[in-house]
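Residue-level structure breakdown
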Amino acid sequence: EAKAAGRNVYRFYTEALTIAAQERLALETALRRALERNELVLHYQPVVAVASGYTTGVEALVRWRHPADGLVSPLRFIPMAEETGLIVPLGIWVLEEACRQGRAWLDGGRVMPIAVNISSRQFADGALVDTVRRVLDRSGFPASMLTLELTESAIMHKPDQAVRVLEELKAIGVKFSIDDFGTGYSSLAYLKRFPVDALKIDRSFVADIVDDENDRMIVSTVVAMARQLQLSVIAEGVETAEQLAFLTRLGCSACQGYLFGHPLEAGELDFG
Ligand code: C2E
Ligand code: MG
Ligand code: MG
Ligand code: MG
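What counts, and where the lines are drawn
Residues numbered from 1 in each chain as written. Chains lettered and ligands numbered in written order. Predicted model: local features only at pLDDT ≥ 70, side-chain atom pairs only at ≥ 80, totals over all residues. Heavy atoms only, no water. Helix = DSSP H or I, 4+ residues; strand = E, 2+ residues; numbered from the N terminus. Rg over C-alpha atoms; globule rule 2.2 N^0.38 Å. Buried < 20%, exposed > 50% of the residue type's maximum accessible area, 1.4 Å probe, protein only. Contact = heavy atoms within 4.5 Å. Areas by Shrake-Rupley, 256 points an atom, 1.4 Å probe, with all protein chains shown as cover. Lys, Arg positive; Asp, Glu negative; His and termini not counted. Charge placed at Lys NZ, Arg CZ, Asp CG, Glu CD. Near = heavy atom within 4 Å. Polar contact = N/O pair within 3.5 Å; in protein donor to acceptor, adjacent residues only side chain to side chain. Nonpolar A, V, L, I, M, F, W, Y, C, P; charged D, E, K, R; others polar. Donors = N, O, S within 2.8 Å, 3.2 Å for Na, K, Ca; no water. Core = buried A, V, L, I, M, F, W, Y, C linked by side-chain atoms within 4.5 Å. Pairing = 2+ DSSP bridges. Right-handed = clockwise from strand over helix to strand, strands pointing away.

1. Here we look at the overall build of the protein
- Counting its regular elements, the protein contains 11 helices and 9 strands.
- For 272 residues, the compact-globule formula gives about 19 Å, and the C-alpha radius of gyration of the protein, at 21 Å, lands near that figure.
- Summarising its shape, the C-alpha atoms of the protein cover approximately 70 × 45 × 40 Å along the three principal directions.
- When burial is assessed residue by residue, the protein has 43% of its 272 residues classed as buried.
- In the protein, the share of contacts with a sequence separation of at least 24, taken over all contacts with a separation of at least 6, comes to 67%.
- About 14500 Å² of surface is accessible on the protein, with carbon and sulfur atoms providing 53% of the total.
- Of the side-chain charges in the protein, 28 are positive and 36 negative, and the distance between the mean point of each set is 5 Å.

Okay, here's the thing in structure tokens:
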């Protein structure tokens, strides 16, 4: 009887897995089609220099404009795209679209640096350097106005290889920031080896900065360390004036978050 129950549990388990696998396959197929049908769209969120209030750049954030479901968050499809490898063509599209937009802004007289997220799998893909070079050439967007946002884990997975890729991209002229900084495992020694330009303090440290002494200490440590290494710091997820006041007091000079602006389509952005 116990055996029979075990079999039932087993069958239930495999059926559940099969359903999950089927849903994933359906999502993968749909996303692949979305890419072909041009259903992806980039939104842009301002990065603001606290002292002047000026927008110093924008971060490009992908969305899927689903014909039935409306705007789909990247959190719902980027992880799957990473697993299946679809992130590579998707990432090329994001780079092309961001550089096209950046060039269009330039042609309209607006100098607007753009940051593009690069996931681990894209970073590990041997073609990234060539892709970036080709996209920049074709779009006419200056390399110096493009920042690639990488996570600590993308870099730390194979640090020696990462240094080589970063050096090659650096030679083209692009910049780098480390996204979600503080949530991964980058060692200080490595941070120094990487030709990185900025650290983006993860919004989990900003969220409770008003109430949590530990988070304040972490932010002030990151700011001090960044200064030592001559890196810029951007605080992510700044939603309130109180958070901004604390961040400013702790020496953080650039911020991004709903307090300054939500991610919007290029045409809806107001640069002030
Ligand atoms: P991320 O790169 O850390 O981007 C910041 C996320 O925080 C964005 O979520 C943004 O909308 C959100 N955010 C901005 N300000 C605030 C705020 O004040 N409060 C809160 N609660 N959230 C805020 P989004 O657009 O949903 O993107 C989520 C993640 O998906 C990104 O995190 C990034 O890791 C990934 N992602 C987005 N676009 C791309 C892309 O084109 N390529 C790749 N590889 N990943 C992407
Ligand atoms: Mg980012
Ligand atoms: Mg982030
Ligand atoms: Mg993130």
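What follows picks up the thread again.
2. A look at the site of ligand 1
- Around ligand 1 there are 25 residues in total, and Arg-63, Asn-117, Asp-179, Glu-239 and Tyr-258 lie nearest to it.
- Measuring from an oxygen atom of ligand 1, one finds a backbone N or O atom of Tyr-258 at 2.8 Å.
- The protein chains hide 86% of the 800 Å² of surface that ligand 1 would expose on its own.
- Among the elements of the structure, strand 2 (55-66), helix 3 (87-107) and strand 6 (175-181) are those that each provide at least two residues to the shell around ligand 1.
- Here the residues of the shell around ligand 1 are counted per class, giving 10 nonpolar, 7 polar and 8 charged.

3. Focus: the coordination of the magnesium ion (ligand 3)
- Protein-derived ligands of the magnesium ion (ligand 3) are Asp-179 (OD), Asp-180 (OD), Glu-236 (OE) and Glu-236 (OE), with the metal-ligand distances lying across 2.1 to 2.4 Å.
- Here the magnesium ion (ligand 2) and the magnesium ion (ligand 3) are spaced 4.1 Å from one another, each receiving a donor from Asp-179. Of this pair, Asp-180 sits in strand 6 while Glu-236 sits in the loop between strand 8 (232-235) and helix 11 (241-249), placing them 56 residues apart in sequence.

4. As for the nonpolar core
- Grouped together as the largest cluster of nonpolar side chains are 75 residues, with contacts concentrated most on Val-116 and Leu-148.
- With 8 residues, helix 3 is the largest single contributor of residues to this core.
- Setting aside residues up to four positions removed in sequence, Leu-148 forms contacts with Leu-95, Val-116, Ile-118, Val-132, Leu-169, Val-174, Lys-175, Phe-176 and Ser-177.

5. Regarding the pairing of strand 8
- As paired strands, strand 7 (residues 198-201) and strand 8 are joined by 4 bridges and run parallel to one another. The residue of strand 8 that forms the bridge with Leu-199 is Val-233.
- Where strand 8 and strand 9 (residues 254-255) come together, 2 bridges link them in parallel fashion. When the sheet's bridge partners are listed, Ala-235 is paired in strand 9 with Cys-255.
- Assessed by its sense of winding, the connection that carries the chain from strand 8 through helix 11 to strand 9 is right-handed.

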